[in-house]
Amino acid sequence: VKGITLRACEKGVFSGSILISKQGKVLFEHACGEASKRYHAANNLDTKFNLGSMNKMFTSLAISQLVEQGKLKYTDTIDAFVDETWLPKSITSQVTIHHLLSHTSGLGSYFNDKYWNSSRLLYRDVNDYKPLVVGDKLQFKPGERFGYSNTGMLLLGVVIEKVTGKSYFEVIRTNITGPAGMSNTDSYAMDDPVENLATGYIPAPGPLKWTENSLMHVLKGGPAGGGYSTVRDLDRFANHMLAGK
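Residues numbered from 1 in each chain as written. Predicted model: local features only at pLDDT ≥ 70, side-chain atom pairs only at ≥ 80, totals over all residues. Heavy atoms only, no water.

> I tried to follow the packing of helix H2 (residues 55-68) against helix H9 (residues 231-242) on my own but got confused; where do I start?
Packed helix pairs are specified by the crossing angle of their axes together with the interaxial distance, meaning the distance between the axes. Where H2 contacts H9, the two axes come as close as 13 Å, and the packing angle between them is 30 degrees. When the interaxial angle is binned, H2 and H9 end up roughly parallel. Judged by the sense of rotation from one axis to the other, the crossing of H2 with H9 is left-handed. Only Leu234, Phe237 and Met241 of H9 make contact with H2, whose side of the interface consists of Met57, Phe58 and Leu61. Its residues assigned to classes, the contact of H2 with H9 comprises 6 nonpolar, no polar and no charged. (Axes fitted to C-alpha atoms, helices over the stretch in contact; angles between N-to-C directions. Helix = DSSP H or I, 4+ residues; strand = E, 2+ residues; numbered from the N terminus. Parallel < 35°, antiparallel > 145°, perpendicular 65-115°, else oblique. Left-handed = near helix turned anticlockwise from the far one by under 90°. Contact = heavy atoms within 4.5 Å. Nonpolar A, V, L, I, M, F, W, Y, C, P; charged D, E, K, R; others polar.)

Spelled out as structure tokens, the structure:
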């Protein structure tokens with residue numbers, strides 16, 4: 001793995017950081033490439049990368065903690081937590097916590113035309129996404145089949161806030177990333193000057209060969225995705241999970 005990684009770095013086909021560990025012991029870690037091509041800032045092992053949908057595992061864990069504490073049941077229908085300013089009771093009374101966790105709710109994605117045609121500045125907190133969910137319809141009967149759903153994971157964030165009386169972000173920091181010592185993991189807002197945070201790139205035609213993907217991202221991550229972390233923080237997370245902590 002070390003040889004493959006180093007060759008990939010040298011050829012410019014890999015840019016980022018990698019960490020491999022087994023049973024709590026780090027076997028290999030390396031970083032290469034640029035976190036910012038604009039300013040030629042190098043990646044390092046503490047560079048924060050966008051996690052995309054990996055926020056969903058933090059959301060799922062937060063829900064599981066609430067179930068463990070007896071504050072929720074997987075069989076609960078979400079009408080007890082998601083009011084009709086989000087979706088009508090005719091929908092929420094059919095959907096359970098388990099349906100949302102397993103992507104079998106029949107709900108779709110709030111990344112719709114309204115989202116893509118509006119300013120990212122409108123969407124920072126969980127409730128800010130409500131206008132994108134209102135009017136959504138079930139694509140199939142809950143529990144009937146699998147259908148990947150960002151809206152379903154967003155609504156788990158609504159459930160977390162309703163049950164705890166705290167913001168989704170505070171719950172994740174207090175109950176998951178804080179206890180695991182993940183000091184470089186959070187749903188950082190893109191308009192905050194966070195240190196050592198990588199810009200994402202995709203190949204593009206033209207002399208620069210790359211384009212930043214910043215305008216494709218949410219302004220701030222949330223229950224369905226968009227947070228940031230480092231390989232070392234994710235290793236801490238894995239070790240705490242495996243140890244039952």
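> Can you help me understand the pairing of strand S1 (residues 16-22) in this one?
Within a regular beta strand, the side chains point alternately toward one face of the sheet and then the other, so they alternate between its two faces. Pairing of S1 with strand S2 (residues 25-32), which is carried by 7 bridges, proceeds in the antiparallel orientation. Pairing of Ile18 across the sheet is with His30, part of S2. Two successive antiparallel strands, S1 and S2, enclose a turn made up of 2 residues, where Gln23 displays a positive phi of approximately 55 degrees. (Pairing = 2+ DSSP bridges.)

> Explain the packing of aromatic side chains to me, please; I cannot follow it from the model alone.
The description of an aromatic ring pair uses the distance of the two centres, along with the angle that the planes make with each other. According to the stated counting rule, one finds 10 aromatic pairs in the structure shown. With a centroid separation of 6.3 Å and 50 degrees between ring planes, the pair formed by Tyr188 and Tyr228 is classed as tilted. You can see Tyr188 sitting in the loop between helix H8 (168-177) and strand S6 (201-203) and its partner Tyr228 sitting in strand S8 (residues 228-229), a full 40 residues away along the chain. Owing to a relative accessible area of 15%, Tyr188 belongs among the buried residues under this scheme. Among the aromatic residues, ring-to-ring pairing joins Tyr110, Phe111, Tyr115, Trp116, Tyr123 and Tyr129 into one connected group. The residue whose ring lies beneath Lys37 is Tyr201, and the NZ or CZ to ring-centre distance is 5.5 Å. Stacked on the ring of Phe169, the Lys or Arg Lys220 has its end atom at 4.0 Å from the ring centre. (Phe/Tyr/Trp six-rings, centres within 6.5 Å; stacked < 30°, edge-to-face > 60°. Buried < 20%, exposed > 50% of the residue type's maximum accessible area, 1.4 Å probe, protein only. Lys NZ or Arg CZ within 6 Å of the ring centre and 35° of its normal.)

> Help me out: how do you make sense of the layout of surface pockets in this one?
Take a probe with the size of a water molecule and roll it over the atoms, and the empty space left behind shows itself. The computed volume of the largest pocket comes to approximately 820 Å³. When residues of the lining of the largest pocket are traced back to their parent elements, those giving at least two are strand S3 (34-36), strand S4 (41-42), strand S5 (49-50) and strand S7 (210-212). A total of 3 residues in the lining of the largest pocket trace back to one element, the largest contributor, which is S3. Class assignment of the residues belonging to the lining of the largest pocket gives a composition of 19 nonpolar, 13 polar and 5 charged. Its boundaries defined by the atoms lining it, the second largest pocket holds a volume of some 220 Å³. Lining the second largest pocket are Leu61, Gln65, Glu68, Asn175, Ile176, Pro179, Ala180, Phe237, His240, Met241, Gly244 and Lys245. Only H2, H8 and H9 provide two or more residues apiece to the lining of the second largest pocket. (1 Å grid on protein atoms, 1.4 Å probe; cavity = no way out; pocket = protein on both sides within 12 Å on 5 of 7 lines; lining within 4 Å. Points joined across faces, edges and corners; volume = space filled by probe spheres on them.)

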